[in-house]
Structures are given as structure tokens and as C-alpha cells.
Amino acid sequence: MRAAPRSGLLAAATALVGVVAAAPAGAPGWTAAPAAGRPYAYLEGTAGSVLQDTLSLTNPGTGPLTVRLTGQGAPVAFAARTVTVPPRTRADVPFAVTVTADTPPGDHRGTVRATAAGREVRVDLRLRVNGPRLAALTVEDVRVDTATGDLHYTLVNRGSTVLAPALAVRADGLLGTVLDRPGHPLPLTLRPGERAARTEPWPDPPALDSVTVRLTATAPGAAPATARADAAFATGPALAATGGTLLAAAACGAWALRRRGGPRIRRAPAGATA
């Protein structure tokens, strides 16, 4: 393994570096493997670098062999994607893996695939990305849909590692807590720098209340992140019922005042004179 500039890969031509003996009867056909007989290709570097290695294609047959090369699970670029290997010859094909700037530190896997004569050979590609590992998560853009109760929010991976977040929800109203949902894993993972807009359902929000909603996101190795939003729920039926109650209370109050506050007429005893 060695780090290489992009121009070095583009300038590299397919090199025919050896001649192999003709394959005996019944021997396996062509092969594809990392150069120098290694069991897999191993690359190591930092995010933002370009790493280079070589794939060896061996044709033990008596005719030319055309091999097509592709990569899977990693951004692989080949000096040539289609290589014709002469008979009884080994061709060494340079390839490079671009480690993007947002690739998190740690171990990653990929595959180099060689296809020829109706057969495919897969070569294991192992990538080690060096760098500090930082887990950081934020909750942003919290919004409450008062028509449905849905809680909308965005999770953002601010660190350098892949995160598997969980979410806890709490809502407090005028008379106390109306929702207390403990932390539960979310069905997603976030790569460094990745954002995910999410919706948390609240199927039974209050009909009439002013609430403060707090969302707390956690992930292994990351500090908890909390964001809040305020919302006022006031549905039509609740307003109608509340209005009716207030009117009834006002009518009862007025009736009570009339009973207590009206003038009283005292009748004079029979036979009394003015």
C-alpha cells in the first residue's frame, strides 16, 4: 500500500510483468488477487487522501483473456477498467481508493470485482482510516404540528464517527406532564456530517393546552443533545365545550347575584296604619 496522487494512477499503464506456465489439464482458470500473493488488499491513510494498490490478473490459458474490473463498497478507480491479458501471462493493474473527507476513522470494507469468460472473482478490500474519533450529535429545527400532534425535527452528526441515535420525548403543559416517552432507538445511522429530517408521532395530544416539548437525542459516546419547542393546542370541539362551560358559569353567577343583591319588600302587619 502507498499513498498516491490521482495523476499517478492515471499515468500508470497496465504492466505485463511475467509469463506463467501453461495450465495443466484440469487446473483452475484465470485468477485475480492482490499483488505479491496477499490474501486481501489492505490500504491505510487519512480522510481526504488517495491510496494505491495493485491487482494481479493471471491468464494460464492458450488464448487472450479480456477482464472487466469494478469496485463495490468503496470509491475504486482503475488504471484501466477493461484489460486484455495475453495467454500464459500475468498483468498487474494499478488501482486507487479515494478516501473522502467525510469518511469516519476506523475500519471499512469494500470489494474489487474481476469478470471474464462468464466468471467473477471478488477480491476483499480492507481500508483503515486514521484520525481522531469524535462522537457529537445535535437536534435542530424542532417543530410541533398542532393539527396532528406530529413532532418534526432534524438530527445532525457533528462528529467523525458513525452514530446510531436514540430519542426521548417529554411535553409539559399548564397542569403538568402530558407526554413522557423514554429513549428508544431510531431506525437509522448517521455518517459524519449527515443530516436526517425525522417525524415523531404523537397520536393523542391535548385538545386544549399550552405545552413545551423537549426532544433529547443520545448516541453511544456522544453527549445528550436537547432541543425544545412551544405549542398551543386549541381544537374546535374543545373551544366549543370550554365556551359553553364559561357561558353556563356566567349565567349561574348572574342568577346568584340577582338572588342575593335585589331589593327586599317588607309587608306591614295587618291593621297597622301609616
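What you see is a predicted model, and the numbers here were worked out from it, not measured in a lab.

Q: How do you make sense of the nonpolar core when you look at a structure like this?
A: Across soluble globular proteins, nonpolar side chains show a tendency to be buried alongside one another. Counting 29 residues, the largest nonpolar core has Val 139, Tyr 153, Leu 155, Val 213 and Leu 215 as the members making the most contacts within it. Where this core is concerned, the elements lending two or more residues are strand 12 (137-144), strand 13 (151-157), strand 14 (166-173), strand 17 (208-219) and strand 18 (222-234). Apart from the residues within four sequence positions on either side, Val 139 is in contact with Tyr 153, Thr 154, Leu 155, Leu 215, Ala 217, Ala 225 and Ala 227.

Q: Whenever I open this one, the sheet that holds strand 13 confuses me. Can you help?
A: In a beta sheet, neighbouring strands pair by backbone hydrogen bonds and run either parallel or antiparallel. Taken together, three strands build an open sheet; the order of strands is 12-13-16 and the sheet is antiparallel. Here the strands that pair on one side only, and so sit at the sheet edges, are strand 12 and strand 16 (195-200). In this sheet, adjacent strand axes meet at a mean angle of 20 degrees when their direction is disregarded. With six bridges joining them, strand 12 and strand 13 adopt antiparallel strand pairing. Within the sheet, the bridge partner assigned to Val 144 lies in strand 13 and is Leu 151.

Q: Where do I start with the pairing of strand 6 (residues 65-72) in this structure?
A: Across a regular strand the side chains alternate sides, sitting on one face of the sheet and then on the other. As judged from the four bridges shared by strand 6 and strand 8 (residues 82-85), these two strands associate in the antiparallel manner. Bridge assignment links Arg 68 to a residue of strand 8, and that residue is Thr 82. One ladder, built from five bridges, connects strand 6 with strand 10 (residues 106-116); its direction is antiparallel. Along strand 10, the bridge assignment pairs Gly 71 with Val 112.

What counts and what doesn't
- Residues numbered from 1 in each chain as written.
- Predicted model: local features only at pLDDT ≥ 70, side-chain atom pairs only at ≥ 80, totals over all residues.
- Heavy atoms only, no water.
- Core = buried A, V, L, I, M, F, W, Y, C linked by side-chain atoms within 4.5 Å.
- Buried < 20%, exposed > 50% of the residue type's maximum accessible area, 1.4 Å probe, protein only.
- Helix = DSSP H or I, 4+ residues; strand = E, 2+ residues; numbered from the N terminus.
- Contact = heavy atoms within 4.5 Å.
- Pairing = 2+ DSSP bridges.
- Axes fitted to C-alpha atoms, helices over the stretch in contact; angles between N-to-C directions.

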